[in-house]
Amino acid sequence: LPSQVVNTDKKSQNLSYYSNVLSQMCVKTRGELYSINLHDHLDKTPSIIIGLDSAKAPQGQVKLTMSSSYNRHYSSYYTESALCPMNAKDETIRQLLKNALANYSKKLTNPGQPQFKPRMMFVYRNGGNEKQKVAQYNEELPVFQEICKEMKTQLAFISVNKKTDIKFFECTNRGYANPQNGTVIDSDVVSPDFCEFYLQPQYVNSGTATPVHFHCLYDETNIPLDVLEQITYRQTYYYWNWPGPIRVPAALKYAEMLNAFQSRYLKNSKISEALQDTPFFI
């Protein structure tokens, strides 16, 4: 199925445009542009990284989209969406998670070997105001806890808020400036009672930069906070539609993109299983 085209009438397109198109063609055919060592801890402990996004749908429903890594470099993602009533979110998340784990095991289990399971699971959940975090903790987190307990997988559930009011600046010889990309703030302005941090993944050279707030609602991985920060930051380089870091981990961005793409172009119709392990929507 054609999923990438080039408009040759646009003579003004520069080389970077065509380079980006070629990159998209590569990953849509399950290629890999590059791989990143997220952290040595993940090399020793097989893990799965999941992004979860939601959006309102017609007739009082909600659409849930889950994107999950399925290779050892955490650079390839399986993505699936489902519509459900508001009061059936837990069952829908459970099914999406089971499908994601089945795909993970299928891709990483060698023939004749026992089923391969992740030892750690990192979940990045979009939407992080106080009301949303309460709902995530009470309604969604128990589903992940239940399945992780069955598999003996350690879980970290992280709520992500891109719409923060706090701004940070660096003091330079020329005055105040936006923080450099990769800047992390995890003291003084965060609660000492919670595992949370602010991350500025990109350098913003126009206007004022808005950091992203990451609040770990549940963590049994026992990894140090600075390791979680590094894992989170390096994932922002895995979005194949942009040559550099983005604001959130790639798994979460892919979930957002499929959510928007499916609503706008597919009118929430079901996606072919043959496309679910490709970023056809970027």
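Quick look at the structure, then. Each chain carries its own residue numbering, running from 1 in the direction its sequence is written. Two thresholds apply to this predicted model, a pLDDT of at least 70 for residue-level local features and 80 or more for giving and counting side-chain atom pairs, whereas whole-chain, interface and lining totals are computed over all residues. Think of the side-chain values as coming from all heavy atoms in the structure, minus any hydrogens and water.

1. Details of the nonpolar core
When a protein is soluble and globular, its nonpolar side chains tend to lie buried together.
Moving on, step 1. In this description, a nonpolar core means a group of buried Ala, Val, Leu, Ile, Met, Phe, Trp, Tyr and Cys residues linked to one another through side-chain atoms lying within 4.5 Å. Using a 1.4 Å probe on the protein chains alone, a residue whose accessible area is under 20% of its type maximum counts as buried, one over 50% counts as exposed, and one in between counts as partly exposed. Counting residues in hydrophobic clusters, the biggest one holds 36 residues, and the most contacted among them are Phe122, Tyr124, Phe214 and Tyr254.
Moving on, step 2. Strands are runs of DSSP state E lasting at least 2 residues, helices are runs of H or I lasting at least 4, and numbering of each runs from the N terminus. Breaking this core down by element, the ones donating at least two residues are strand S4 (120–126), strand S5 (154–161), strand S9 (195–200), strand S10 (212–219), helix H5 (225–235) and helix H6 (250–264).
Moving on, step 3. If you tally residues by element for this core, the top one is H6, at five residues.
Moving on, step 4. Whether two residues are in contact is decided by their heavy atoms: any pair within 4.5 Å suffices. With sequence-adjacent residues up to four places away left out, phenylalanine 122 is seen in contact with Leu42, Ser47, Ile48, Ile49, Ile50, Ala156, Thr221, Ile223, Leu228 and Ile231.

2. Notes on the packing of helix H3 (residues 89–108) against helix H4 (residues 130–151)
Moving on, step 1. Orientation of H3 relative to H4, taken along the N-to-C sense of each, is 40°, at an axis distance of 9 Å. Two packed elements cross with a definite hand, and for H3 against H4 that hand is right-handed. Contact residues: Lys89, Asp90, Ile93, Arg94, Leu97, Lys98 and Leu101 in H3; Glu139, Glu140, Val143, Phe144, Glu146, Ile147 and Met151 in H4.
Moving on, step 2. Its residues assigned to classes, the contact of H3 with H4 shows seven nonpolar, no polar and seven charged. To get an axis, a line is fitted to the C-alpha atoms, and for a helix only the part in contact is used. The angle between two axes follows their N-to-C directions and goes from 0 to 180 degrees. In this scheme the handedness of a crossing depends on how the near helix is turned from the far one: anticlockwise by less than a right angle means left-handed, clockwise means right-handed. Each residue is assigned to one of three groups, with Ala, Val, Leu, Ile, Met, Phe, Trp, Tyr, Cys and Pro labelled nonpolar, Asp, Glu, Lys and Arg labelled charged, and all others, Gly among them, labelled polar.

3. Things to note about the packing of aromatic side chains
Moving on, step 1. Pairing of aromatic side chains here covers Phe, Tyr and the six-membered ring of Trp, requires ring centres within 6.5 Å, and sorts the geometry by plane angle: under 30 degrees stacked, over 60 edge-to-face, intermediate tilted. Evaluated as defined, the whole model comprises 16 aromatic pairs.
Moving on, step 2. Ring geometry for tyrosine 239 versus tyrosine 254: centroids 5.4 Å apart, planes at 50°, classification tilted. Of the two residues, tyrosine 239 sits in the loop between H5 and H6 while tyrosine 254 sits in helix H6, which places them 15 residues apart along the sequence. The same class applies to tyrosine 239 as to tyrosine 254, namely buried.
Moving on, step 3. For the ring pair phenylalanine 280 and phenylalanine 281, a centre distance of 5.3 Å and an interplane angle of 80° mean the geometry is edge-to-face. The pair formed by phenylalanine 280 and phenylalanine 281 is uniform in burial state, with each residue classed as buried.
Moving on, step 4. One aromatic cluster is present, formed by Tyr77, Tyr239, Tyr254, Phe261, Tyr265, Phe280 and Phe281 through successive ring pairs.
Moving on, step 5. Look at NZ for Lys and CZ for Arg. If either is within 6 Å of the ring centre and within 35 degrees of the ring normal, a charge sits over the ring. Directly above the aromatic system of tyrosine 70 lies the positively charged group of lysine 107, at a separation of 4.0 Å from the ring centroid.
Moving on, step 6. Here lysine 253 stacks its cationic end above the ring of tyrosine 239, 6.0 Å away from the centre of that ring.

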